[in-house]
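Results of the structural survey
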Amino acid sequence: MSDDRVSDDQDTSPGVARFATRLRAARHLVVLTGAGVSAESGLPTFRDPLTGLWARYRPEDLATPEAFARDPALVWSWYGMRRDAARAALPNPGHRGIARLESLVPRVTLITQNVDGLHRRAGSSEPVELHGSLFSTRCSREGTMHEGLVDRELEAARLPRCPDCGALLRPGVVWFGEALPEDALRRAQAASTACDVFLSVGTSHQVYPAAGLPASAAAAGATVGIVDPAPSGLGMSEAVYHLPGKAGEVLPALLAEAWPRPMSS
Ligand code: OAD
């Protein structure tokens, strides 16, 4: 282990200070986010043992093509609930700090596994949405995208249907057993192997291919930082810097350290 590496049980601030030095010098930064970045906006993560969505619901009942074929009304009621919760939530200082990085680093690629739309609402210009979006909708037969039809139908307790072929519309998210959107995955992989700094925020790194991106970045020579209150779940050979804490606290601290604002008189 090099001197720069910070193990999980050391004090936070030296890690933040050292990672901030790398961040300030970054030419191309990749930020990968997961559900933890939206936790402080009041949206549940997936794998928290008490409050996580997968502690309360079974993914095979709600987030697979088979579940939709079996009971589309149940699946739509769950996604309708998640759309309402995401709409009611507000971006937090973690989302806003990530958006601000676009004005501080020459090139930033934001890759998110989240489907809640909060990065866009915080000002991030072009997030790569690896797992789709709660607010997009696809024809379950032909895969064509159809926006804006769903809320009215769900409010009227009707299942939304494709205006072209009449098949059911489905949420535009990636379900278990499905491939990720090709273009998004290609962009995410290309950016991860081209960047010089990679920052992973609020993900347990359990779902591939997103979980493999930090290791790809490290193998290609990038400095990797992990922001998470829990141990990163990645081996130390990959997680060079663990920056323990909540995204809404660590991101602002990291930015303040990397780009200190001059004191006003
Ligand atoms: P997880 O629920 O697996 O992990 C959330 C991570 O966020 C954990 O490591 C927490 O410790 C951390 N965390 C909690 N609060 C935090 C905070 N305030 N700030 C920073 N980190 C915090 O969620 P994901 O890794 O996003 O996929 O899950 C990946 C995928 O699994 C999801 O996209 C979803 C799920 O099944 C699909 O639905 C296809």
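Everything in this summary refers to the structure shown in the same document.

Criteria and cut-off values
Residues numbered from 1 in each chain as written. Predicted model: local features only at pLDDT ≥ 70, side-chain atom pairs only at ≥ 80, totals over all residues. Heavy atoms only, no water. Phe/Tyr/Trp six-rings, centres within 6.5 Å; stacked < 30°, edge-to-face > 60°. Helix = DSSP H or I, 4+ residues; strand = E, 2+ residues; numbered from the N terminus. Buried < 20%, exposed > 50% of the residue type's maximum accessible area, 1.4 Å probe, protein only. Lys NZ or Arg CZ within 6 Å of the ring centre and 35° of its normal.

Points about the packing of aromatic side chains
Aromatic rings considered in pairs are described by the distance between their centres and by the relative angle of their planes. Across all of its chains, the model carries 8 aromatic pairs by this definition. Considering the side-chain rings of phenylalanine 68 and tryptophan 175, the 5.6 Å spacing of their centres and the 35 degrees angle between planes classify their relative orientation as tilted. Of this pair, phenylalanine 68 sits in helix H4 (residues 65-70) while tryptophan 175 sits in the loop between strand S5 (169-173) and helix H9 (182-194), placing them 107 residues apart in sequence. Assigned by exposure class, phenylalanine 68 and tryptophan 175 land together as buried. An angle of 50 degrees between the planes, with centres 6.2 Å apart, marks the rings of tyrosine 79 and tryptophan 175 as tilted. Of this pair, tyrosine 79 sits in helix H5 (residues 72-88) while tryptophan 175 sits in the loop between S5 and H9, and the two are 96 residues apart along the sequence. Among the residues examined, tryptophan 175 registers a relative accessible area of 2% and is labelled buried. Each member of the aromatic cluster is reached from another via a ring pair, and the members are Phe46, Trp54, Tyr57, Phe68, Trp78, Tyr79, Trp175 and Phe176. The ring of tryptophan 78 carries the charged tip of arginine 82 above its face, separated from the ring centre by 4.7 Å. The positively charged end of arginine 170 is found above the aromatic ring belonging to tryptophan 175, 3.8 Å away from the centroid.

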